[in-house]
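Spelled out from the first residue to the last, the chains are:
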Amino acid sequence: MNNPGIPTFDQLRIFLTIVDTGSFAGAGRKLNRAVSVISYGIANLEAQLGLTLFDREGTKKPQLTVAGRALLAEVRSISHGIDGLRAKVKGLLDGLEAEVNLAVDVMLPAERLGKVLRTFAKEFPTVQLRLHVEALGAITAMVLDRGAAIGLSGPLSAGVEGIESISAGSVAMVPVAAPDHPLGRMEAISPGAGRDYTQLVLTDRSRFTEGQDFSVSSPKTWRLADLGAKHALLREGIGWGNMPLPMIEPDLVAGTLVRLVMPDHPGGTYRFSGIWRRDTPPGPAASWLLEQFVAMGREDKELEGMSDV
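Just so we're clear, the structure is a prediction, and the values are computed from it rather than from any experiment.

Chemist: What should I look at first to understand the packing of helix 1 (residues 9-21) against helix 3 (residues 35-49) in this one?
Modeler: For any two helices packed against each other, one specifies the inter-axial angle together with the distance between the axes. Packing of helix 1 against helix 3 brings their axes to within 9 Å, and their N-to-C directions diverge by 115°. If you check the angle between helix 1 and helix 3, you find them roughly perpendicular. Here helix 1 and helix 3 pass one another in a crossing that is left-handed. On helix 3, the residues that touch Gln 11, Leu 12, Ile 14, Phe 15 and Ile 18 of helix 1 are Ile 38, Gly 41, Ile 42, Asn 44, Leu 45 and Gln 48. The residue inventory of the contact of helix 1 with helix 3, partitioned by class, reads seven nonpolar, four polar and no charged.

Chemist: Can you walk me through helix 8 (residues 227-235) in this structure?
Modeler: The α-helix advances 3.6 residues per turn, and as a result positions three or four apart in sequence lie on the same side. Along helix 8, the positions that sit buried rather than exposed are Leu 227, Lys 230, His 231 and Leu 234. Along the axis of helix 8, the buried residues cluster in a sector spanning 100°; they form a single face. Buried positions along helix 8 lie against strand 6 (163-177), strand 7 (199-202), strand 8 (221-224), strand 9 (241-244) and helix 9 (245-254). N-cap assignment for helix 8: the residue whose side-chain oxygen lies 3.0 Å from the backbone N of Gly 228 is Asp 226.

Chemist: Any chance you could explain the pattern of salt bridges here in plain terms?
Modeler: Pairs can form between side chains of opposite charge whenever their charged atoms are close. Enumeration according to the criterion identifies eight salt bridges in this entry. Asp 10 serves as the salt-bridge partner of Arg 33, at 2.7 Å between the closest nitrogen and oxygen. Of this pair, Arg 33 sits in the loop between helix 2 (24-31) and helix 3 while Asp 10 sits in helix 1, and the two are 23 residues apart along the sequence. Take Arg 33: its relative accessible area is 26%, and that puts it in the partly exposed class. Taking the relative accessible area as the measure of exposure, Asp 10 reaches 29% and is therefore partly exposed. Salt bridges here are not isolated pairs; linked through shared partners, they connect Asp 10, Arg 13 and Arg 33.

Calculation criteria
Residues numbered from 1 in each chain as written. Predicted model: local features only at pLDDT ≥ 70, side-chain atom pairs only at ≥ 80, totals over all residues. Heavy atoms only, no water. Axes fitted to C-alpha atoms, helices over the stretch in contact; angles between N-to-C directions. Helix = DSSP H or I, 4+ residues; strand = E, 2+ residues; numbered from the N terminus. Parallel < 35°, antiparallel > 145°, perpendicular 65-115°, else oblique. Left-handed = near helix turned anticlockwise from the far one by under 90°. Contact = heavy atoms within 4.5 Å. Nonpolar A, V, L, I, M, F, W, Y, C, P; charged D, E, K, R; others polar. Buried < 20%, exposed > 50% of the residue type's maximum accessible area, 1.4 Å probe, protein only. Arc of directions from axis to C-beta. Polar contact = N/O pair within 3.5 Å; in protein donor to acceptor, adjacent residues only side chain to side chain. Salt bridge = Lys/Arg side-chain N within 4 Å of Asp/Glu carboxyl O.

This is the structure:
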């Protein structure tokens, strides 16, 4: 039975450097070592594995053998893994979090969240992310219970004991219904008309705001814990309700939903705040995330100012 030995990381690094530079001499220059040391390292690696990795016959440039080509991808994977390990250890030594738990309000536009997290992945490749998408008071509850280090919450986090916050933008909320819903067919909606029809209402999955209603004007309600389900039921014509404008703009264009002009229920602005526990300040990666959401909030204000001109 052939049992290959265990190569050292230094031997594997020499192997990859020869492949990348195209020669033993090039590898020696890059690693600042004598060519004899490079040759010795490869000879030991080949002895450990029991395989010939380079064909040195008849050419000045070493060529990978069939075995060498077969192992190349595995060696690169090991090298990348070691580099990632070293980067993570360095980050821990420098105070960088190994993992960030982020809770965001379901009302946050997906495009905005995606843009921030795409850049986060590039800026902090060693930091794992756990993303929780919740509604209403559940974001604040998660931060208070230490289920999330930071949150991007709606207005319900304001004034909560133990929570620090910073303004982080907003999203427009508009009342909508399906075009075949009675309200959707009305050219002019009289005050109080919404009370005659079922309003679809998003509810809190936590007990943080249990029993409280927000922007509810109809005594007839269906309570839903999922914004996607609310969206689907609105399109089915089951009821009317408020939705974040970016989420339903394609429906308004396609005609699958219509915006309701309701004198007593015009919608409004849903404001976000970046939040964290006062006794647990966010680390470098979490602070960076908060800064990005805050910067987007400033962009929102600038755009609102331009629209008023």
